[in-house]
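Below, each chain spelled out in residue letters.
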Amino acid sequence: MAHVQVQQPKEASLPRLYGRQRLLLGLLDAIGGDVSNTDFQKLLFLYCKEHSAKRATETSQGLYDFVPYRYGAFSFTSYADRRRLVEWGLITDDDQNWILTEDGSNISRESENNSIGAFANRYRSLRGDALVADTYRRYPYFAIRSVIADQVLRDDRSTLDRIEAARPEKTPSRLFTIGYEGRTLESYLNLLIREGVTLLCDVRRNAISRKYGFSKTTRDRACSGVGVRYEHLPELGIESRRRRGLKTDADFKTLFENYEQTILPDKGDALERIRAWLRAGESVALTCFELKADLCHRHCVADALEEITNQVHFADPDVRCLLPNGVKHL
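Here is what the cut-offs are and how they apply
- Residues numbered from 1 in each chain as written.
- Predicted model: local features only at pLDDT ≥ 70, side-chain atom pairs only at ≥ 80, totals over all residues.
- Heavy atoms only, no water.
- Helix = DSSP H or I, 4+ residues; strand = E, 2+ residues; numbered from the N terminus.
- Buried < 20%, exposed > 50% of the residue type's maximum accessible area, 1.4 Å probe, protein only.
- Contact = heavy atoms within 4.5 Å.
- Areas by Shrake-Rupley, 256 points an atom, 1.4 Å probe, with all protein chains shown as cover.
- Expected span 1.5 Å × (residues − 1).
- Arc of directions from axis to C-beta.
- Pairing = 2+ DSSP bridges.
- Axes fitted to C-alpha atoms, helices over the stretch in contact; angles between N-to-C directions.
- Left-handed = near helix turned anticlockwise from the far one by under 90°.
- Phe/Tyr/Trp six-rings, centres within 6.5 Å; stacked < 30°, edge-to-face > 60°.
- Right-handed = clockwise from strand over helix to strand, strands pointing away.
- Patch = residues over 30% accessible without salt bridge, like charges linked within 9 Å, V, L, I, M, F, W, Y side chains within 5 Å.
- Salt bridge = Lys/Arg side-chain N within 4 Å of Asp/Glu carboxyl O.
- Lys, Arg positive; Asp, Glu negative; His and termini not counted.
- Charge placed at Lys NZ, Arg CZ, Asp CG, Glu CD.
- Core = buried A, V, L, I, M, F, W, Y, C linked by side-chain atoms within 4.5 Å.

### Some words on the overall build of the chain
Item 1. Counting secondary structure elements, the chain contains 14 helices and nine strands.
Item 2. Here the chain holds 330 residues, and the buried ones make up 48% of them.
Item 3. Within the chain, contacts between residues separated by at least 24 positions form 69% of all contacts whose residues are at least 6 apart in sequence.
Item 4. Of the roughly 17100 Å² of accessible surface on the chain, a fraction of 46% belongs to carbon and sulfur atoms.

Here it is, written out as structure tokens:
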């Protein structure tokens, strides 16, 4: 009797696929396995919006967050996942389209999702400008940076007015702080956009992160794409060795007192750069990792800026107060 070699499934040789990566494969397979970049982003966006109420976390439910971009809703994270799927041979390397390979199709069908199938059936005939226009009408905020809104909506003045109304109001310069702990790149960027932040100032000593989107080059590119300028002032950071072993409130209090007493006094040039941005009308957000500002040295930087600004303002009544509304921690 001839020996029959059993071939191991392709997936056995792959790294573990996240739920959101399986969503990409499943949705792409359900809509035919070959679709343009713009159409796929809009379909992925609509699917995630329809199912977002059911999700507990972005990772466990496999959904994506989106930002308003050049052609409407866009997920940077989905493209990062796409690059991995291309590396693993599950999606074709194509600049204009999302194209599923045979291996990708086989894996997607091993974990069929009825909700994806039902969604694909409802949107089977909606593509191109009609699909884009549908997302703009239903979610006008995500069209605020679109370069094609006038084209795809044509004479739909009502929706164009709603898009205009969804734009964040321009406000006088303000100072914010924000951490990215527990946030996706897209949810983080949306906070900046909605608050009218125009300049993101990274106060980490080393602008690197194992979390997608928060290393210097990637964040700079993402910020630029949504109209936020990115700057890095590493001299305001704290060496990582000083943060090791911090557990109690007393530990953090000691660290920040030392930072305020021995490091910040020598950082006048960096603080003046931030004040110059504020004087020029920028709304500036100081950023680092920790979600809570009181567990991060960025609150010390913000406090120092507020103190300096108040001193200058009260010393000369003709000098406009740069921070009339104080500091807001996002």
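Anyway, onward from the coordinates.
### Digging into helix H12 (residues 249-263)
Item 1. For H12, spanning 15 residues, the distance from its first C-alpha to its last is 20 Å, which sits close to the expected 21 Å at 1.5 Å a residue.
Item 2. Along H12, the residues classified as buried are Phe252, Leu255, Phe256, Tyr259 and Ile263. Down the axis of H12, the buried set is contained in an arc of 90°. They therefore lie on one face. The outward face of H12, more than 90 degrees from its buried face, is lined by the exposed residues Asp249, Lys253, Thr254 and Gln261.

### Focus: the sheet that holds strand E9 (residues 327-329)
Item 1. Judged by pairing direction, the sheet is parallel, and its five strands sit side by side in the order E7-E6-E8-E5-E9 without closing on themselves. Looking along the sheet, the strands with just one partner apiece sit at the ends: strand E7 (229-232) and E9. Averaged over neighbouring strand pairs, the angle between their axes works out to 25° when direction is ignored.
Item 2. Note that strand E5 (residues 175-179) and E9 share three bridges and pair parallel. Each bridged residue has a counterpart across the sheet, and for Phe176 the counterpart in E9 is Lys328.
Item 3. Helix H10 (residues 185-194) contacts E5, strand E6 (199-202) and strand E8 (284-288) of the sheet and is inclined by roughly 170° relative to E5.
Item 4. Running at roughly 145° to E8, helix H13 (residues 268-279) makes contact with E5, E6, E7 and E8 of the sheet.

### Some remarks on the packing of helix H2 (residues 37-51) against helix H7 (residues 128-138)
Item 1. Packing of H2 against H7 leaves a shortest axis separation of 10 Å and a crossing angle of 35°. Of the two possible hands of crossing, H2 and H7 adopt the one that is left-handed. The segment H2 lies against H7, with Thr38, Asp39, Lys42, Leu43, Phe45, Leu46 and Glu50 engaging Gly128, Leu131, Val132, Asp134, Thr135 and Arg138.

### A short note on the packing of aromatic side chains
Item 1. Taken as a whole, this structure holds 16 aromatic pairs when the rule is applied.
Item 2. Note on Tyr180 and Phe289: the rings are 5.3 Å apart at their centroids and 75° apart in plane angle, and the pair reads as edge-to-face. Residue Tyr180 is found in the loop between E5 and H10, and its partner Phe289 is found in the loop between E8 and helix H14 (298-315); the two are separated by 109 residues along the sequence.
Item 3. The class of Tyr180 is buried, set by a relative accessible area of 4%.
Item 4. Each residue in the set Phe40, Tyr69, Phe74, Phe76, Tyr79 and Trp98 is aromatic and connected to the rest through ring pairs, giving one cluster.

### What to know about the pairing of E6
Item 1. Every second residue of E6 is oriented toward a common face, with Leu199 and Cys201 on one face and Leu200 and Asp202 on the other, all of them buried.
Item 2. Here E6 runs beside E7; their pairing, made up of four bridges, is parallel. Bridge pairing in E7 links Cys201 to Glu231.
Item 3. Handedness of the β-α-β unit built from E6, helix H11 (residues 216-225) and E7 comes out right-handed.
Item 4. For E6 and E8, the ladder comprises four bridges, and the chain directions are parallel. Counted as the bridge partner of Asp202 is Thr287 from E8.

### Points about a negative patch on the surface
Item 1. Taken together, the side chains of Glu257, Glu260, Asp303 and Glu307 define an acidic patch exposed on the protein surface.
Item 2. Of all the secondary structure elements, the ones that give two or more residues to the negative patch are H12 and H14.
Item 3. In this fold, Asp303 is placed in helix H14.

### Some remarks on helix H1 (residues 19-30)
Item 1. Relative to the 16 Å expected for 12 residues at 1.5 Å per residue, H1 spans 16 Å between its end C-alpha atoms, a close match to the ideal helical length.
Item 2. Of all 12 residues that make up H1, nine are buried, and the element is covered over most of its length.
Item 3. Downstream of H1 by one or two residues, Gly32 has phi in the positive range, about 115°.

### Comments concerning the pattern of salt bridges
Item 1. Per the counting criterion, the structure on display carries 19 salt bridges.
Item 2. For Arg138, the salt bridge identified is with Asp134, shortest N-O distance 3.4 Å. In this pair, Arg138 and Asp134 are both assigned in helix H7, four residues apart and thus about one turn of the helix distant.
Item 3. The closest approach of N and O atoms between Asp156 and Arg137, which form a salt bridge, is 2.7 Å. Of this pair, Asp156 sits in the loop between helix H8 (149-153) and helix H9 (157-166) while Arg137 sits in helix H7, and the two are 19 residues apart along the sequence.
Item 4. Here the residues in one salt-bridge network are Glu50, Arg122, Asp134 and Arg138, joined through shared partners.

### A look at the nonpolar core
Item 1. Grouped together as the largest cluster of nonpolar side chains are 68 residues, with contacts concentrated most on Leu23, Phe40, Leu44, Tyr136, Leu189 and Leu200.
Item 2. Looking at this core, the element that brings in the most residues is H2, giving seven residues.
Item 3. Ranked by size, the runner-up nonpolar core spans 27 residues in total, among them Tyr259, Ala270, Leu278 and Leu305.

That is the geometry; function is a separate question.
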